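Listed below, chain by chain, are the residues.
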Amino acid sequence: MSEVGKIRPWWTWGLLVAVVTVVVFLPSVRFPFFPFWDDDIHVHANPHITELSWRSIGAFWSGPWQQLYIPLTYSTWAGLAALSRWADGLPVSSGALNAAWFHGANVLGHTISAVLAFLFLRRITGKFCLGAPTQRLDLASALGALFFALHPLQVEPVAWISGLRDVLGGCLGLAALVVLFGRERPNPARWTAATLLFLASLAAKPAGVALPLVAGVLAVMPFRWSGRHIAFSLGPWLVIGMLWVVLTSSAQWAAELAVGLVPVWTRPLVAGDALAFYLVKTLWPSGLAADYGRSPGYVLAAGWLWWAWLGPVALAVLLSTVKQLRIYLVPLLVFAAALLPTLGLIPFNFQMVSTVADRYAYLALIGPALALSLIVVRSPALPATVLVVLTVIALLFCTVQRLPLWSEDVKLFAATLKVNPQSWKAMHNYASALDDRGRTAEAAERMQEVIAQRPDSAEAYNDLAVMEWKLGRRPEAVALMRRSVMLRPTPGSARNLAVMEEEIGNPAGRDEALQLLRQLQPPGSN
């Protein structure tokens, strides 16, 4: 057989990446919806999806829902809801939803991302290492893509139905980069296609605003575009991104609370701490959790804010000053640029709980993946390749071990509390999950712990009141529900209070609660 006949076609490596990704994450298709933890407000209890219509789709595009403007993701969920009902013989406008369709979409999106990562790495690594043997380049790109696909940080966005926003946004972002850098200089048609993909990425998740920065890094190295070409090609992306930041930031009213809690002068330090956190979790992905509780106030109180940033800075200085390592500065900059929207320089909703989360690193992991690809190509000695292969295998086993935690809410929140015992959010959801399983007495104890940490949480008082009512402790339940209404009245808490007051024989309290309910939810309102 000739040497040419022995060469494996490049696409078989991409196929290998896709097959491994599907095999690893396919078990998640059997996972159910989470009753809470965003799956309810986004999908299975979202009124625009439970009563699906074209008007629902229009509502997603005309303004934010649940403080998020992610119209493409919501439209995708709506389409999956229609498919789920159609497959079960139900009217597409209403009826039960099969979670398998939604989990399947996450797995499919992540698999496409993994293949796009392979194409991206093959192009960028080949540009850095001109003249590298094709087989070496393909192997390096496949290993880098598997690092991206199988890293345990990817479990959260892939196994969690609400994580589709991260997967879809990252997938479209990778597609935009692959198209943009598919040639030395993009022609008008290629630039237009890349720009449309960039816009779609923004519509899937606002974190896509990082793409102009990632593309800017690559345009300088390894493509060496001129300043004029960068300005003409990426300037419009930057303007669009800035406008999108303004549009989406105004939708997050909770971010206004974060603005008051995070002084401007501390934000660069918060960002440095978050970047250091992601570097550590990328290199050593142990102690992962759904809620790290790493809010700005927490890191400031712990003292980490003052020195954590030194790690990323020291790494950047090392890579800049050592000539043999200078090439690896590009993967570091890609990693940091992709994370920039969620590092805390601009406050966002979840920052009230934690600045960092596994899902925020979805696209950013293409940076470390590029570093691994470069190592394999630039270090042809067998030990370097073996080390990278063993790293990918180790990540695979960690991911396989972590994936089942997302199969059940009780498992996930119990595991989260082991890592972060002070997570009031995980504790609240854990208590609710226990209550759903009939373990109401244990759930009530857990909810009391939530209130001890969050004495101003109207939702915790409401949920504890319902639990106490189930346990037959009615006076305590009514007092707790009154406290919930006093802290933050909602139609749900007012309705609950009216029912409780009626049951204990207090018509005056019932009438007062009903009057409040009419004020909060006038007749004819949704």
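Residues numbered from 1 in each chain as written. Predicted model: local features only at pLDDT ≥ 70, side-chain atom pairs only at ≥ 80, totals over all residues. Heavy atoms only, no water.

A. Highlighting the side chain of Ser141. Here Ser141 lies in helix H8 (residues 134-150). Beyond its immediate stretch of four places on either side in the chain, Ser141 contacts Phe118, Leu121, Arg122 and Ser373. (Helix = DSSP H or I, 4+ residues; strand = E, 2+ residues; numbered from the N terminus. Contact = heavy atoms within 4.5 Å.)

B. Broad picture of the pattern of salt bridges. Inspection of the entire model under this criterion finds 16 salt bridges. For the salt bridge of Arg437 with Asp409, the shortest nitrogen-to-oxygen distance reads 2.7 Å. With Arg437 in the loop between helix H22 (424-436) and helix H23 (440-453) and Asp409 in helix H21 (residues 409-419), this residue pair connects regions lying 28 residues apart in the sequence. Linking Arg510 and Asp511 is a salt bridge whose minimum nitrogen-to-oxygen distance equals 3.0 Å. Relative accessible area serves as the criterion here: at 39%, Asp511 is assigned to the partly exposed category. (Salt bridge = Lys/Arg side-chain N within 4 Å of Asp/Glu carboxyl O. Buried < 20%, exposed > 50% of the residue type's maximum accessible area, 1.4 Å probe, protein only.)

C. Spatial organisation of the nonpolar core. Formed by 133 residues in total, the largest nonpolar core has its most connected members in Phe181, Trp237, Tyr278 and Trp406. With 10 residues, the single largest contributor to this core is H8. Within the second largest apolar cluster, 23 residues are counted, among which are Trp65, Leu97, Ala105 and Ile161. (Core = buried A, V, L, I, M, F, W, Y, C linked by side-chain atoms within 4.5 Å.)

D. Looking closely at helix H20 (residues 382-402). Its 21 residues give H20 an end-to-end C-alpha distance of 30 Å, which sits within 8% of 30 Å, the value for a rise of 1.5 Å per residue. Buried within H20 we find Ala384, Thr385, Val388, Val392, Leu395, Thr399 and Arg402. Along H20, the residues classed as buried sweep out an arc of 115 degrees about the axis, all on the same side. Pointing more than 90 degrees away from the buried face of H20 are the exposed residues Leu382, Pro383, Leu387, Leu390, Phe397 and Gln401. (Expected span 1.5 Å × (residues − 1). Arc of directions from axis to C-beta.)

E. Examining the environment of Ile366 more closely. Within the secondary structure, Ile366 is located in helix H19 (residues 366-378). Every residue in contact with Ile366, bar those within four places of it in the chain, is listed here: Ala117, Phe120, Leu121, Phe148, Leu174 and Val334.

F. Seen up close, the environment of Met486. Secondary-structure assignment places Met486 in helix H25 (residues 474-487). Here Met486 falls in the exposed class, since its relative accessible area comes to 57%. The sequence separation of Met486 and Ala458 amounts to 28 residues, and the corresponding C-alpha distance is 8.1 Å.

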